[in-house]
Amino acid sequence: MDLRIFTEPQQGASYETLLTVAKASEDLGFDAFFRSDHYLKMGSADGLPGPTDAWITLAGLARETKRIRLGTLMTAGTFRLPGVLAIQVAQVDQMSGGRVELGLGAGWFEEEHKAYGIPFPKEKFPRLEEQLAIVTGLWATETGRTFSFDGTYYQLTDSPALPKPAQRKVPILIGGHGAKRTPRLTARYADEFNLPFASIEDTEAQFARVRAAAEAVGREADDLVYSNALIVCVGKDDAEVARRAAAIGREVAELKVNGLAGSPDEVVDKIGRYGAVGASRIYLQVMDLDDLDHLELISSQVQSQLN
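Residues numbered from 1 in each chain as written. Predicted model: local features only at pLDDT ≥ 70, side-chain atom pairs only at ≥ 80, totals over all residues. Heavy atoms only, no water.

It is not clear to me how unusual backbone geometry should be interpreted in this structure. Could you clarify?
Glycine aside, a negative phi is what most residues show, and trans is what most peptide bonds show. Residues Leu48 and Pro49 are joined by a peptide bond in cis, for which omega reads 10°. Within the element layout of this structure, Pro49 appears in the loop between β2 (32–35) and α2 (54–64). Cis geometry marks the peptide bond from Leu162 to Pro163, where omega comes out at 5°. Take Pro163: it is sitting in the loop between β7 (155–159) and β8 (172–175). Of note, the phi angle at Phe197 is positive, near 55°, even though the residue is not glycine. Inspection of the secondary structure assignment puts Phe197 in the loop between β9 (192–196) and α7 (200–216). By relative accessible area, which is 41% here, Phe197 ends up partly exposed. (Helix = DSSP H or I, 4+ residues; strand = E, 2+ residues; numbered from the N terminus. Buried < 20%, exposed > 50% of the residue type's maximum accessible area, 1.4 Å probe, protein only.)

Just checking my understanding: could you explain helix α1 (residues 15–27) for this structure?
One turn of the α-helix equals 3.6 residues, which is why residues spaced by three or four share an orientation. An ideal rise of 1.5 Å per residue puts 18 Å on 13 residues; α1 measures up with 18 Å between its terminal C-alpha atoms. Restricting attention to buried positions, one finds in α1 the residues Leu18, Leu19, Val21, Ala22, Ala24, Ser25 and Glu26. Looking at the packing, one finds that the buried side of α1 touches β1 (2–7), β2, α2 and α11 (292–306). In the segment just after α1, Gly29 is the residue with positive phi, at about 90°. (Expected span 1.5 Å × (residues − 1). Contact = heavy atoms within 4.5 Å.)

Would you mind going over the pattern of salt bridges with me for this structure?
The final tally for this structure, using the stated rule, is 21 salt bridges. Arg244 is the partner of Asp291 in a salt bridge, and the nearest nitrogen-oxygen pair spans 2.5 Å. Taken as a pair, Asp291 in the loop between β12 (281–286) and α11 and Arg244 in helix α8 (residues 238–247) lie far apart in primary sequence, 47 residues in all. Both residues of the pair, Asp291 and Arg244, belong to the buried class. Its salt-bridge partner being Lys256, residue Glu266 comes within 3.2 Å of it at the nearest N-O pair. Taken together, the residues span a long stretch of sequence, with Glu266 in helix α10 (residues 264–276) and Lys256 in helix α9 (residues 252–258) at a distance of ten residues. Judged by relative accessible area, which is 33%, Lys256 ranks as partly exposed. Where salt bridges share partners, they join Lys236, Glu240, Arg243, Arg244 and Asp291 into one cluster. (Salt bridge = Lys/Arg side-chain N within 4 Å of Asp/Glu carboxyl O.)

Looking at this structure, how should I read α7?
Here α7 is 17 residues long and its end C-alpha atoms lie 24 Å apart, about the 24 Å a rise of 1.5 Å per residue gives. Within α7, burial applies to Ile200, Thr203, Gln206, Phe207, Val210, Ala213 and Ala214. All buried residues of α7 lie within an arc of 140° about the axis, which places them on one face of the element. Among the exposed residues of α7, those oriented more than 90 degrees off its buried face are Glu201, Glu215 and Ala216. Taken together, the buried residues of α7 touch α6 (181–189), β9, β10 (225–234) and α10. Downstream of α7 by one or two residues, Gly218 has phi in the positive range, about 80°. (Arc of directions from axis to C-beta.)

Can you walk me through the environment of Lys180 in this structure?
Within the element layout of this structure, Lys180 appears in the loop between β8 and α6. For Lys180 and Gln206, which are 26 residues apart along the polypeptide, the C-alpha to C-alpha distance reads 9.8 Å.

I tried to follow the environment of Glu112 on my own but got confused; where do I start?
Within the element layout of this structure, Glu112 appears in helix α4 (residues 110–116). Exposure remark for Glu112: the relative accessible area of 1% places this residue in the buried category. For the pair Glu112 and Lys180, spaced 68 residues apart in the sequence, the C-alpha separation amounts to 27 Å. In terms of polar contacts, Glu112 uses its side chain to reach the backbone amide nitrogen of Tyr39, at 2.7 Å. (Polar contact = N/O pair within 3.5 Å; in protein donor to acceptor, adjacent residues only side chain to side chain.)

What exactly am I supposed to notice about the nonpolar core here?
The nonpolar side chains of a soluble globular protein tend to be buried with one another. In terms of nonpolar packing, the biggest core is built from 75 residues, with Phe33, Trp55, Leu102, Trp139, Ile282 and Leu284 touching the most fellow members. With residues up to four places along the chain from it excluded, the contact list for Phe33 reads Ile5, Thr7, Leu18, Val21, Ala22, Ser25, Leu61, Ile68, Arg69, Leu70 and Gly71. Counting residues in hydrophobic clusters, the runner-up holds seven residues, among them Phe6, Ala32, Leu73 and Ala229. (Core = buried A, V, L, I, M, F, W, Y, C linked by side-chain atoms within 4.5 Å.)

Would you mind going over the environment of Pro183 with me for this structure?
Counting through the fold element by element, Pro183 comes out in helix α6. Exposure remark for Pro183: the relative accessible area of 2% places this residue in the buried category. Between the C-alpha atom of Pro183 and that of Phe207, which follows or precedes it by 24 residues, the distance is 8.7 Å. For Pro183, the residues in contact, after removing those within four places along its chain, are Gly178, Gln206, Arg209, Val210 and Ala213.

Now the structure itself:
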């Protein structure tokens, strides 16, 4: 079971804070550092000092880390033109020596679009499908040849399809709870399917839909990585769990139902139950980015048992 650290910087984090967490994640043996792609806080957080851009952040981290994978859950398709996104991701992949992964979603948070003057189209999902075709098509085009695309929402004419990523193929992540379109897009374009904040029962059902969609297009279902994103709150004892829950404005009982919370043994047990329904990777949503002792505890007493 791979454990990855997943952050939500729109809730309040500077680049320096993210760098500290990424370096700690690397030093503690986690597989990757991922971040959300949002420009506006949610809930009661103050969001200070303000938003950071996902791909600018990852470009910086690419030069200041050595081993961990870097990526997004999920880049909002509404924020970037697909040709520009292909260039950005390829460049950051080169800067990292081939450690980047692209999670790409349709975009959903209308308020942040209004706050920063970003168009929020109605046809988000069909746009996402064209974006996936373009980004993957540009990267797959042989050097010296051109790429063209004539879609409903995007048109590219004789693109040189440059630059190329350092990796032969940048892993693509698609995720979500949709019962039909999401599995279909995953089967066609993704290397990994991610289900965020879902119960074990819902995870089993959605993984089955994705597996069926893969097989329907002639793909081996086991070619895909299946993963979950879950909030994490671990403590050596009940008091420490309660303190960490209070620091992020959550209740312990609710976190135990909806996330990974409790003692290391409790969390290992629950991760094992996700593994039993097909998950091989967990993105640990860490909300208190100043609590590096939390990461150390997860590394030494949760990750060590899983390994």
